[in-house]
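One letter stands for each residue in the lines below.
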Amino acid sequence: MRANLRGTLLAVLVTATAAVLAGCGSGATASSTTIGSDSATNDAGALSVVASTNVWGDVVRQVGGDRVDVLSVISDPSADPHSYEANAQTQLALSKAAMIIENGGGYDDFIDSMRSSSGTSVPVINAVDVSGKAVAVGANEHVWYDLPTVDKVAQQVATTLSELEPGSAAEFAANAATFKGKLDALTRDVQAVKAAHGGTAVVMTEPVPLYLLEAAGLINLTPAGFSGAIEQDTDVPPAVLQDTLTLFTDKKVTALFYNEQTGGPQTDAVVDAAKSNSIAVVPVRETLPEGQDYLTWMQATIAAMAKAVDR
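Residues numbered from 1 in each chain as written. Predicted model: local features only at pLDDT ≥ 70, side-chain atom pairs only at ≥ 80, totals over all residues. Heavy atoms only, no water.

Chemist: Explain the overall build of the chain to me, please; I cannot follow it from the model alone.
Modeler: Within the chain one finds twelve helices and ten strands. In the chain, which comprises 311 residues, the proportion classed as buried is 51%. Looking at the chain as shown, the accessible area adds up to about 13100 Å², and 52% of this sits on carbon and sulfur atoms. (Helix = DSSP H or I, 4+ residues; strand = E, 2+ residues; numbered from the N terminus. Buried < 20%, exposed > 50% of the residue type's maximum accessible area, 1.4 Å probe, protein only. Areas by Shrake-Rupley, 256 points an atom, 1.4 Å probe, with all protein chains shown as cover.)

Chemist: When you look at helix α2 (residues 54-64) in this model, what are you seeing that I'm missing?
Modeler: One turn of an α-helix holds 3.6 residues; hence residues three or four places apart share an orientation. Of all eleven residues making up α2, nine are buried, and the element is well covered by its neighbours. For α2, the set of buried residues is N54, V55, W56, G57, D58, V59, V60, V63 and G64. Phi turns positive one or two residues past the end of α2, at G65, with a value near 60°.

Chemist: It is not clear to me how the sheet that holds strand β8 (residues 219-220) should be interpreted in this structure. Could you clarify?
Modeler: Where strands meet in a sheet, backbone hydrogen bonds hold them as pairs that are either parallel or antiparallel. If you trace the four strands from one edge of the open sheet to the other, you get β8-β7-β9-β10, paired in parallel fashion. Sheet topology places β8 and β10 (280-284) at the edges, where each strand pairs with a single neighbour. When strand β7 (residues 201-204) meets β8, the two strands line up parallel, connected through two bridges. Along β8, the bridge assignment pairs V202 with N220. Helix-sheet contacts for helix α12 (residues 294-309) involve β7, β9 (255-259) and β10, and the interaxial angle to β10 is about 165°. (Pairing = 2+ DSSP bridges. Contact = heavy atoms within 4.5 Å. Axes fitted to C-alpha atoms, helices over the stretch in contact; angles between N-to-C directions.)

Chemist: I would appreciate a short explanation of the environment of K96 in the present structure.
Modeler: Following the sequence through the fold, K96 ends up in helix α3 (residues 88-96). Assessed through its relative accessible area of 14%, K96 is described here as buried. Spatially, the C-alpha atoms of K96 and V122 are 9.3 Å apart, while their sequence positions differ by 26 residues.

Chemist: Help me understand the pattern of salt bridges, please; the structure alone is not making it clear to me.
Modeler: Think of it this way: side chains of opposite charge can pair up when their charged atoms draw near. In total, this model carries six salt bridges according to the counting rule given. The partner of K133 in a salt bridge is D146, with the nearest N and O atoms 3.8 Å apart. Placement of K133 in the loop between α5 (127-131) and α6 (147-164) and of D146 in the loop between α5 and α6 is noted, with a sequence separation of 13 residues between them. The partner of E260 in a salt bridge is R285, and the shortest N-O contact between them spans 3.1 Å. Placement of E260 in the loop between β9 and α11 (265-276) and of R285 in the loop between β10 and α12 is noted, with a sequence separation of 25 residues between them. With relative accessibility at 10%, the residue R285 sits in the buried group. (Salt bridge = Lys/Arg side-chain N within 4 Å of Asp/Glu carboxyl O.)

Chemist: I'm lost on the packing of aromatic side chains in this one. Help?
Modeler: The tally for this structure, following the rule as stated, stands at five aromatic pairs. Residues F179 and Y294 carry aromatic rings whose centres are separated by 6.5 Å and whose planes lie at 50° to one another, so their mutual orientation is tilted. With F179 in helix α7 (residues 169-197) and Y294 in helix α12, this residue pair connects regions lying 115 residues apart in the sequence. Considered together, F179 and Y294 belong to a single accessibility category, that of buried residues. Judged by centre distance (6.0 Å) and plane angle (75°), the ring pair of Y294 and W297 falls under edge-to-face. Pair noted here: Y294 and W297 are both in helix α12, with a separation of three residues, about one helical turn. Given the relative accessible area of 0%, Y294 is considered buried. (Phe/Tyr/Trp six-rings, centres within 6.5 Å; stacked < 30°, edge-to-face > 60°.)

Chemist: Explanation requested: unusual backbone geometry in the structure shown.
Modeler: Both trends apply: most residues other than glycine have a negative phi, and most peptide bonds are in trans. In this structure, K251 is a non-glycine residue whose phi angle is positive, near 55°. With respect to the element layout, K251 can be found in the loop between α10 (238-249) and β9. Despite not being glycine, S278 has its phi angle at roughly 60°, a positive value. In this fold, S278 is placed in the loop between α11 and β10. Judged by relative accessible area, S278 falls into the exposed class, the value being 51%.

Chemist: Would you mind going over the environment of D58 with me for this structure?
Modeler: Among the structural elements, D58 can be located in helix α2. Sequence separation between D58 and D293 is 235 residues, and the spatial gap between their C-alpha atoms is 6.4 Å. Sequence-distant contacts of D58, that is, excluding residues within four places in its chain, are made with L288, D293 and Y294.

Set out below in structure tokens:
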């Protein structure tokens, strides 16, 4: 996966970052965070949490409320998360965090590399590990599109925050229960799509939304060589590209789901082919759109999916 391509940059980065951190001391950057024996809090007394992306950062906010101060490392709604390059500010934040939440599964290895360099030993929630899906090498790491996994992660966040701040445990549990109720409503929406349109064939440029599509009973006809090449940022073999385009010209699929945060000539070719053959095109994302939280974003995504296959 393209996320692993960052690894070659990290060795150089960590060495440079260590020098920057050595000079931070107790200056202005560090003064906004107070380090306790077991946790870190900001000036308002909230627990400092670092999330690899704003998707998991928002889940922490939903559960932690005003008792957490969350820094999401990857949050630019127009950015490609695979091209992220870590920096000294990220390393500093990790060194001062009370808790860290990452996606795992090779998606955001920069968190583990920088955490090791900083020497911090605070609790780390790894969403892929929590999901139980981290069995096979190359397994789909986009677990934020799997609603049961998001629920499990939220419950783990509540547990971990309660261990860090026992006095707020009831608040964390109540927030997690509220979040679960809203996730359950989204699950019912997905089940409704499955009941009405299960078995509908679709295609996707990358396996970003695959868990959601599977939960809705949709059949993925994407040639493995196509989605694999796009995710690895390599050229799609011509024969595989032609097989993919034929899915649209022969009207074998009802909808195309494409990652709007990545692109290239071959992705553009399939999007154009879908549109020219009146196949529904549904954009999906890896980070939250500006102004939306996880729940509103996923609700809109499910609604777009339902509309696309209702043809």
